[in-house]
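This is what each chain is made of:
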Amino acid sequence: MEKLLLAIPNRCTGCNRCTYACSAVKEGMFIPSKARIKINNFAYEGYSVQSVCFQCPNADCMKACPEDAIIKNERGVIAININKCTRCGECVSACQYGMMEQYDSGVPYKCDLCGGSPACVGECNFGALVFKEADKVSRKLRSQQMKQRQTDGRPDQKRHKLAVVILKEAVRVPRTANYMG
Amino acid sequence: MIDLEEYHPDDYKLRDIKAAKKEVDEIVDIITMPTEKISLETRKEISKKTVRNFRDHINKGFLEYRKSVTEATGFAVTEWTGKGSILVDALDRQFLDLLGGFGLYSYGIRHPKIIAAVKSQLDRSPQYSQEMLDPLRAQLAKVLALLTPGKIQYGFFANSGTEAVDGAMKLAKLYTGKKGFISTLKAFHGKSLGALSLMGKHVFRKPLLPLLDGIRQAPFGDLKAMEQELISARAVGDDIAAVVLEPIQGEAGAIVPPDDYLPGVRELCDRYGVLMIADEVQTGFGRTGELFGVDHWNVKPDIMCFGKALGGGVVPMSAFMSTPEIWKCMEPNPFIHTTTTGGNPLACASALAAISVLLEEDLAGQAKKKGEYVLGKLGELQERYPGILANKRGLGLLLGMEFHTDGIGYKVASGLFSRGVITAGTLTNAKNIRFEPALTVPWEILDESLNRIEDVFKSIELPKGKPDEYLYTGQMLHVDLSKNEIQSKTISKKLREQYIGGWGLATKYLYDAVDPKVDPLSEENAVVIMTGPVCGTLVPTSSRTCLVSKSPKTNTIFESNIGGSFGPELKFAGYDGIMITGKAKNLVYLRIENSSVTLEDAGKLVGKGIFETEEWLKNEIHAEAKTLAIGPAGENLIDFACIGSESYRQMGRGGAGALFGSKNLKAVVCRGTGGVQVNEIGSFYEKVVEHTYGNLLTDDNMWAKTHGTPLLVDVTNEMGIHPTKNFTKGVSAGRQNLNADAIDDVKIGDRSCASCPMGCGKFTSVNGTQVEGPEYETLCLGGSNCEIDDLETIMKFNRLCDDYGLDTMSTGNIIGLAMDITESELHDYGIKFGDTKQFLALIEEIATQSSERGKDLALGAQKLAAKHNAEDKAAHSKNLEMPAYDPRGNYGMALGFATSERGACHLRSFTLFEEEPFKVKEMSRAVMDNQNLNAVKFSMGLCDFWGTVDTGIMADFLTKGLGKTISAKDLDKAGERIWNLNKLFNLKAGFTSSDDTISPKLLKKTLENGPLEGRKFDTKAFEQMKTLLYKLRGWDEHGTPTKEKLSELNLLDA
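Read on for a plain summary of the structure. (Residues numbered from 1 in each chain as written. Chains lettered and ligands numbered in written order. Predicted model: local features only at pLDDT ≥ 70, side-chain atom pairs only at ≥ 80, totals over all residues. Heavy atoms only, no water.)

1. Re the overall build of chain B
Point 1. Counting its regular elements, chain B contains 40 helices and 31 strands.
Point 2. A principal-axis box enclosing the C-alpha atoms of chain B has dimensions of 120 × 60 × 60 Å.
Point 3. The 1054 residues of chain B split such that 60% are buried.
Point 4. Once local pairs closer than 6 in sequence are excluded, the contacts in chain B between residues at least 24 apart make up 70%.
Point 5. Accessible surface, chain B as shown: approximately 39800 Å² in total, 51% of it carbon and sulfur.
Point 6. Taking the 123 positively charged and 140 negatively charged side chains of chain B as two groups, their mean positions are separated by 2 Å. (Helix = DSSP H or I, 4+ residues; strand = E, 2+ residues; numbered from the N terminus. Buried < 20%, exposed > 50% of the residue type's maximum accessible area, 1.4 Å probe, protein only. Contact = heavy atoms within 4.5 Å. Areas by Shrake-Rupley, 256 points an atom, 1.4 Å probe, with all protein chains shown as cover. Lys, Arg positive; Asp, Glu negative; His and termini not counted. Charge placed at Lys NZ, Arg CZ, Asp CG, Glu CD.)

2. Thoughts on the sheet that holds strand 27 (residues 747-751) of chain B
Residue and element names in this part refer to chain B.
Point 1. Here we have three strands laid out as an open sheet, ordered 27-28-29, and antiparallel in their pairing. The sheet is open, and its two edges are formed by strand 27 and strand 29 (769-772), each paired on a single side. Between one strand and the next, the sheet's axes are offset by a mean angle of 15°, whatever the strand orientation.
Point 2. As paired elements, strand 28 (residues 761-766) and strand 29 share four bridges and run antiparallel to each other. (Pairing = 2+ DSSP bridges. Axes fitted to C-alpha atoms, helices over the stretch in contact; angles between N-to-C directions.)

3. With respect to the environment of Glu133 of chain A
Residue and element names in this part refer to chain A.
Point 1. Its place among the elements puts Glu133 in strand 8 (residues 129-133).
Point 2. The exposure class assigned to Glu133 is partly exposed, which follows from its relative accessible area of 37%.
Point 3. In this structure, the C-alpha to C-alpha distance between Glu133 and Leu5, residues 128 residues apart in sequence, is 9.0 Å.

4. Considering the pattern of salt bridges
Close approach of charged atoms allows side chains of opposite charge to pair.
Point 1. By the definition in use, this model includes 75 salt bridges over all chains.
Point 2. Ionic pairing is found between Asp112 of chain A and Lys26 of chain A, a salt bridge with its closest N-O pair at 2.9 Å. Here Asp112 of chain A is found in the loop between strand 7 (108-109) and helix 4 (119-123), whereas its partner Lys26 of chain A is found in helix 1 (residues 17-27), with 86 residues between them in sequence.
Point 3. Under the relative-accessibility criterion, Asp112 of chain A is labelled partly exposed at 27%.
Point 4. Exposure remark for Lys26 of chain A: the relative accessible area of 11% places this residue in the buried category.
Point 5. One salt bridge in this structure joins Lys983 of chain B and Asp996 of chain B, with 3.2 Å as the shortest N-O distance. Separated by 13 residues along the polypeptide, Lys983 of chain B in helix 37 (residues 968-988) and Asp996 of chain B in the loop between helix 37 and helix 38 (1000-1004) bring together distant segments of the chain.
Point 6. Using a relative accessible area of 13% as the deciding quantity, one classes Lys983 of chain B as buried.
Point 7. For Asp996 of chain B, a relative accessible area of 3% corresponds to the buried category. (Salt bridge = Lys/Arg side-chain N within 4 Å of Asp/Glu carboxyl O.)

5. Some remarks on the interface of chain A and chain B
Point 1. Counting residues at the interface gives 50 residues for chain A, matched by 66 residues for chain B.
Point 2. Summed over both sides, the interface of chain A with chain B buries roughly 4800 Å², with 52% coming from carbon and sulfur.
Point 3. It is Phe30, Tyr44 and Glu74 of chain A that lose the most area in chain A upon contact with chain B, and together they represent 17% of the buried surface on that side.
Point 4. Put simply, chain A and chain B have zero salt bridges between them.
Point 5. Where chain A touches chain B, the interface holds 15 residue pairs in polar contact (both at pLDDT 80 or more).
Point 6. Only helix 1, strand 2 (38-42), strand 3 (47-51), helix 4 and helix 6 (155-169) of chain A provide two or more residues apiece to the side of chain A that touches chain B.
Point 7. In terms of residue count, the dominant contributor to the side of chain A that touches chain B is helix 1 of chain A (seven residues). (Buried area = accessible area lost by both parts, 1.4 Å probe. Polar contact = N/O pair within 3.5 Å; in protein donor to acceptor, adjacent residues only side chain to side chain.)

6. A closer look at the packing of aromatic side chains
Residue and element names in this part refer to chain B.
Point 1. Following the criterion strictly, the structure yields 34 aromatic pairs over all chains and no others.
Point 2. Where Phe220 meets Tyr261, the ring centres are 5.3 Å apart and the plane angle is 70°; that geometry is what we call edge-to-face. Of this pair, Phe220 sits in the loop between strand 6 (215-218) and helix 11 (223-236) while Tyr261 sits in helix 12 (residues 261-272); the two residues are 41 residues apart in sequence, bridging distant segments of the chain. Each of the two residues, Phe220 as well as Tyr261, counts as buried.
Point 3. One cation-aromatic arrangement involves Lys191 over Phe204; the distance from NZ or CZ to the ring centre is 4.4 Å.
Point 4. Positioned over the ring face of Trp503 is Arg908, at 4.3 Å from the centre of the ring. (Phe/Tyr/Trp six-rings, centres within 6.5 Å; stacked < 30°, edge-to-face > 60°. Lys NZ or Arg CZ within 6 Å of the ring centre and 35° of its normal.)

7. Notes on the pairing of strand 26 (residues 665-671) of chain B
All names here are of chain B.
Point 1. In terms of burial, strand 26 is largely enclosed, as seven of its seven residues are buried.
Point 2. Here strand 21 (residues 588-593) runs beside strand 26; their pairing, made up of six bridges, is parallel. Residue pairing across strands places Tyr589 opposite Ala667, the latter belonging to strand 26.

8. With respect to a negative patch on the surface
Point 1. On the surface, a cluster of negative charge is made up of Glu787, Asp789, Asp790 and Glu823 of chain B.
Point 2. Looking at the secondary structure, you find Glu823 of chain B in helix 30 (residues 808-823). (Patch = residues over 30% accessible without salt bridge, like charges linked within 9 Å, V, L, I, M, F, W, Y side chains within 5 Å.)

9. A closer look at the sheet that holds strand 1 (residues 79-83) of chain B
All names here are of chain B.
Point 1. Read across the open sheet, the four strands follow the order 1-2-3-13; overall the sheet is mixed. Each having just a single partner strand, strand 1 and strand 13 (421-422) make up the two edges of the open sheet.
Point 2. In this sheet, strand 3 (residues 94-97) lies alongside strand 2 (residues 86-89) in antiparallel orientation, the contact comprising three bridges. Paired with Leu87 across the two strands is Phe95, which belongs to strand 3.

10. As for unusual backbone geometry
All names here are of chain B.
Point 1. Of note, the amide linkage connecting Leu209 to Pro210 takes the cis form, showing an omega dihedral of 0°.
Point 2. Summarising the element assignment, Pro210 is placed in the loop between helix 10 (202-205) and strand 6.
Point 3. Looking along the chain, the bond that leaves Gly773 and enters Pro774 is cis, with omega of -5°.
Point 4. Secondary-structure assignment places Pro774 in the loop between strand 29 and helix 28 (776-781).
Point 5. The residue Gln130 is not glycine, and still its phi comes out positive at about 80°.
Point 6. Inspection of the secondary structure assignment puts Gln130 in the loop between helix 6 (112-124) and helix 7 (135-147).
Point 7. Looking at Gln130, the relative accessible area reads 45%, which means it is partly exposed.
Point 8. One non-glycine residue, Asn298, lies in the positive phi region at around 55°.
Point 9. Looking at the secondary structure, you find Asn298 in the loop between strand 8 (275-279) and strand 9 (303-306).
Point 10. Taking the relative accessible area as the measure of exposure, Asn298 reaches 64% and is therefore exposed.

11. Considerations on the state of the cysteines
Residue and element names in this part refer to chain A.
Point 1. Using the criterion set out here, one finds zero disulfides over all chains in the structure.
Point 2. Lacking any disulfide linkage, Cys85 is separated from the closest cysteine sulfur, that of Cys91, by 6.4 Å.
Point 3. Cys114 takes part in no disulfide bond, and the closest cysteine sulfur to it belongs to Cys22, at a distance of 6.2 Å. (Disulfide = S-S within 2.5 Å.)

12. Let's talk about helix 8 (residues 161-176) of chain B
All names here are of chain B.
Point 1. With 16 residues, helix 8 should reach 22 Å at 1.5 Å per residue; the first-to-last C-alpha distance of 23 Å fits that figure.
Point 2. Every buried residue of helix 8 is accounted for by Gly161, Thr162, Ala164, Val165, Gly167, Ala168, Met169, Leu171 and Ala172.
Point 3. The first or second residue beyond helix 8 is Gly177, which carries a positive phi of 70°. (Expected span 1.5 Å × (residues − 1).)

13. What to know about the packing of helix 15 (residues 363-384) of chain B against helix 17 (residues 443-459) of chain B
Packed helices, taken two at a time, are described by the angle between their axes plus the distance between the axes.
Residues and elements named next belong to chain B.
Point 1. Where helix 15 meets helix 17, the axes come as close as 11 Å, and the angle between the chain directions of the two elements is 15°. Regarding the angle of helix 15 to helix 17, the classification is roughly parallel. Crossing angle aside, the handedness with which helix 15 passes helix 17 is right-handed. Taken together, the residues of helix 17 that come into contact with helix 15 (itself represented by Lys369, Lys370, Tyr373, Val374, Lys377, Leu378, Leu381 and Arg384) are Trp443, Leu446, Asp447, Leu450, Ile453, Glu454 and Phe457.
Point 2. Grouping the amino acids of the contact of helix 15 with helix 17 by side-chain chemistry returns nine nonpolar, no polar and six charged. (Parallel < 35°, antiparallel > 145°, perpendicular 65-115°, else oblique. Left-handed = near helix turned anticlockwise from the far one by under 90°. Nonpolar A, V, L, I, M, F, W, Y, C, P; charged D, E, K, R; others polar.)

Shown next as structure tokens:
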């Protein structure tokens, strides 16, 4: 069954371990700027918002690719076929969540859910990242987060603008022992 | 693109016999048709249909993991035919075979001699009657008996390797009458329930537990560990039947054991009376350059298992064999282990022909030569592409390439696939890729494959970094504000070894650059900011960043460190540290964006609070830029001004903010997009996981996650050392308003520093006032110490101090003193204990010097008290205001405050939880050990709240990260060296042993309430402790390190 990577900003503490782990697995070094998950930190407000690839059901990056080099695979992952890619960058502009980025060479990269065992989720000690079956609740959370979109700017600018919206809409209340975010 | 969801009208619905007949006829027609007559169209159909059939009838999962699907374009790569080392798929696409079917194709694909023998046997008799005696099986057993080492003579034949292992286990149990087995970690012996029990990997084993009882796994290659398992098994009554091992671990990545390992295991088996089973399923029949793996070490096992290549790559075949002595146990009832199809005539014909090829063509010899050649070539590749190929290993043609991560490995495997080279390596398991071609592989194909491997390596994009810099970036930014000059210089490797990083390296840089007698606020003083070697990695709590300089508060050398994310950002920008000298003409800020480093005018930020400054800089540079900034207090050179970062984090103690102010430096802002490299990311990551779960996230440290520092409010109150009413009392009446429960009630979120999985920061909100904190020290010194027990007021106090840039600890301590002075009628500062309004008003007055009393309080506790002849009211050491642990209740804390390099600091030695708080000997020793350990910890950049970390763990991180051995002892020594260098600075600055004390108030006055009420501070005991501490440190009675000590620490030239 298809599983979704879900981010729960109310639980995120801004430790950024997910981005360290992601880059370690994908790039062989600790380089959060190349991580496939990003954290937008709002230290003053005491809040951090994760940016994750939603593996969109009807992905803009896939539609934008003139070479059909982006596919949705069996697991529901939007995957890039590097052999077909011409490094045109259309997918990067098309992604409205800022989750498709390019190396200096122009080769694009994005989250592939680590083949079904996301390294980021494994490092989250606060339950702010979960990887679970696509059920009613998780689909709803995802579709809520997907509603906000940004078409202008670099990927990092898009992510920041979207995160600001989430920060503003966040309902944060003093917690009781049973508070679950 | 391969459409996995493609629908076909013939797809399976439900039981349908007619459809079955149609399907079967179609495929049989194809099978029997001459290959050349099968049209391309038909073969395309077969390819598509195979994907659908895998999806509907085999296992969808394979489609997601196999490169044949994930990496193919148009049509999935579908098995069709092949010859030698070339595979051809259904669409006539050719592939070089480096996988060799995991060792199945030792003789190449379809070796003519083997095919011919099997075809002839097929025409004669393909199976047995199950009654008559079969000649081929018996003959094969004889041939194998002649080939195998030692007394191996009898054999049993089966179909797959795992059956052979299961059979061998049964034989060992029967013969010895014992139940247990010892195998090795990362071992792979097969996946049937018996063999699976031996498995050395949790992935395949754990979901199927419980398996066979009495199985143990020892690390492969470790004789001592093997013996230990034998000893413990015996001790607890788990009788061991046999040790089972692969002579060279295959699945684990072609791991060759040390030369003494197999002979050693043989000897252990003899000594402990257990059998030795060699699983030669993958290593047998020439694969490793000898006939069998054990032959490399002339070891004679009791039982051997064969499979894979035994069947000649044509018919499945496996066997286990043993000696006449052992085999005897199966003679009374030969039916105790049988099989219908094992050792059938086709398989035996195949195996016999294969052995003939093996000997005729000297496949073992070929494997040896080719293996050495390939290993040499891989070595060259490793040198050329160290960022990709981490290691290469193996014997003969059982070779393994190890990549730094699964991600890189998969990039290689998929890159090879698209270049027509078949290797192992799936999405989730690609870190180790085996290189296991046919032993007959032509040299041209080997060369071509190696070329294509290099071609793939070339195409892989790795983030750029200096190739030989691990953990450290190796660069120090030198910023001369007077000359407006910025340079990046290499940090010598010798210095890194001796001083680690962080506190240590910063101390060394300062020591070499600054005269200890210098005025701290003069142009001649320097400020060194330094990260630790593991900063910017997944090592938990590793983001602490140190500042070292001469303190305007204490006139000593001092270190102040901060969490958050500034340190990692600096590393990602490419620098381990920053050394700031001189003084700018106007207020400036230092702007670091990777290699672009400039000094910018900060005119617009004059007088601005830290919050606004940080926001402005973020807008100017990048939303994720990180800053170190000062507020008005720093600009006004208040000597307890702090440097703030991410709003609520501070380098608080010692006046770091005034130092920035004295240099006309408003802020350092940094944005970095580079990375931190480690020598070997896989094993480094493993160490991180091991120590994070094994040591950090354990009960001892969990308080930080659950409660954070407010937990200490109740703890210190219980102990009677909770500073209350300007250090006159040890127990506070209003504690329930400020303890961990109170904080928890108003908490709206947890906050972490970069890399920390604990998140001790509690973000609170009361009536619209929000702050990360307050932390324990603020709750006490800005709370009970001023007799304030309203949480909201303390949160406001916290925010105001953070924004104006004042250390909450010193500020709370000093305001408490001003209240005391006022109530004692020595002078009227218009503020009494508990006056929340004046309490909050004072912060701005101090920071901006906007009132007379603000100016007075800015003097600090010692000078303020002196001004009013109230020396007996000030709580400090070396002029640094006392933190929130009354030393009268714990002599170790007192000694720690007195002998810290920066006055009353609780972060050098924290003996609060020692069992005997007043014992001289124990406390002196504890203080020294703590001081040395913390010198290492803060040099590594780790957080104080990783309370259980030791130099062994820290050495582990450095060893794995740097790729060279660093021992705990090296670090212990470095810690002592760092502490001594700090001491030397202070001695040269003019401090003597008489300065190593705490203020008179604490020595002479007694506490007025709580468990320690009326208890006199034992000054004699205190002096004894000090003397003992000096002695333990190898210092003379004046606290000066002896020549011998300095020589021991390589500090003579200092």
